[in-house]
Every structure is written in structure tokens, then in C-alpha cells.
Amino acid sequence: VTGQKEYITLKSDIDVMSNALVFIQAGSGDLMEISADHIQEVIFKKEGGDLFFRTTRGLVFEKAPEGNKFYEVLKEEPYSFIRIPEKKFVEADYQSLYSPDRRYDELKDINKYYISGSDGVFYRVQLNVKSLVKMFPDKKELIRKELVARDEAEAELQVIKLLNKF
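Residues numbered from 1 in each chain as written. Predicted model: local features only at pLDDT ≥ 70, side-chain atom pairs only at ≥ 80, totals over all residues. Heavy atoms only, no water.

(A) Local environment of the packing of aromatic side chains. Following the criterion strictly, the structure yields 5 aromatic pairs and no others. Ring centres of F44 and F53 lie 5.6 Å apart, and the angle between their planes is 85°; on these two criteria the pair is classed as edge-to-face. In this pair, the class of F44 matches that of F53, namely buried. A ring pair is formed by F61 and Y114, whose centres lie 5.0 Å apart and whose planes are at 80°; its orientation type is edge-to-face. (Phe/Tyr/Trp six-rings, centres within 6.5 Å; stacked < 30°, edge-to-face > 60°. Buried < 20%, exposed > 50% of the residue type's maximum accessible area, 1.4 Å probe, protein only.)

(B) Representation of the sheet that holds strand β6 (residues 70-75). Strands sit in the order β4-β5-β6-β7-β8-β9 across an open sheet of 6 strands; the sheet is antiparallel. The sheet terminates laterally at β4 (41-46) and β9 (122-125), the two strands that pair on one side only. Going across the sheet, the axis of each strand differs from the next one's by a mean of 35°, ignoring polarity. Relative to β6, strand β5 (residues 49-55) runs antiparallel, the two sharing 3 bridges. Looking at the pairing, T55 lines up with F70 of β6. (Pairing = 2+ DSSP bridges. Helix = DSSP H or I, 4+ residues; strand = E, 2+ residues; numbered from the N terminus. Axes fitted to C-alpha atoms, helices over the stretch in contact; angles between N-to-C directions.)

(C) Up close: the sheet that holds strand β2 (residues 20-24). The antiparallel open sheet is built from 3 strands, whose spatial order is β1-β2-β3. Bordering the open sheet on either side are β1 (11-15) and β3 (31-35), each of which pairs with just one other strand. Shown here is a sheet whose adjacent strand axes are inclined to one another by a mean of 25°, direction ignored. Sheet analysis places β2 next to β3, joined by 5 bridges and oriented antiparallel. Residue pairing in the sheet places L21 in a bridge with I34 of β3.

(D) Layout of unusual backbone geometry. At the junction of E77 and P78, the peptide bond is cis and its omega measures out at 10° in the coordinates. Note on placement: P78 falls in the loop between β6 and β7 (81-90). Here the phi dihedral of N19 falls at roughly 55°; this positive angle occurs in a residue that is not glycine. By secondary structure assignment, the location of N19 is in the loop between β1 and β2.

Take a look at the structure:
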């Protein structure tokens, strides 16, 4: 929390839609939230390791995301690799003739990935060979050899391993 010198332990989660930290107040058990504007870093303790979330305030982006958003740190420097989770509202559409017959409103998960360049600016990347070669043209052969993922989670891990080799 901004202004705190030490971490506060809370049962909490991140609400991506409202861009806030939702937590249960220790004494009363009430559900509360703190805006991302008042948060510097959140660490979730998991069995597989800690998950670090920070806010985009103060970071330099090639194309800045709207507002101050939470991002997950996938890899620290020299080439920082981050993921900004978002939710997109998809309205139900079952009335028109050739519609996808979506009977309920949905919230779709969307992950946006960024890698920091040598200039400290975060550039948006897709988790594919073409996008990474555009960012690192001198590492073209290594990228083509290493990045063979079938899904997004596997691609994340391969990009992290790849950046560790740079």
C-alpha cells in the first residue's frame, strides 16, 4: 500500500474489471477493496512459488495501457517480461439469424504481454515467433528454434527460458 514501509498480510485477490485489490477485513470479515492507485506491489503466496503483481504507474510503455493497471511479473530484468490481465465484456447475442448464439453475457480473459527493451520501454508482444523476432532481430535463429509452444501457458514458459538465454 502506498505510504507503508512494510507489507500487510491479507486474504485477498485482484479484481481485474474494477482494477482493485479485494480483501477480507481481519476483524469484521467484511469484503473491502483498495484501488490500484493506492497499491505498489502485491505478493500472492502459492505452493509453486510467489506471484508478484505491481501497478503500471511509473512504467514507460510504447503504447500505454488505459489507466493504472495491475501486471504480473513473469521475469525480472534485464529483459523484464510482464502480463497485464484484462477482462472483456461480451454481450449476449442470440437474436440475429447468423449470430454465434451466445445466450449469456460473458467476461473473456485477455492477457497482454510486454517485454522491456534495452531502453527501458515496455513493448507489447504476442507469444509467437514473428512478434519476438521483430523485437529481437539479432536472435532470430534462437527464437525460431526455442519457441514451439502449442498453447499460451507453454508459450509463456518458453519465452521466459528464451529471455534467460539473452
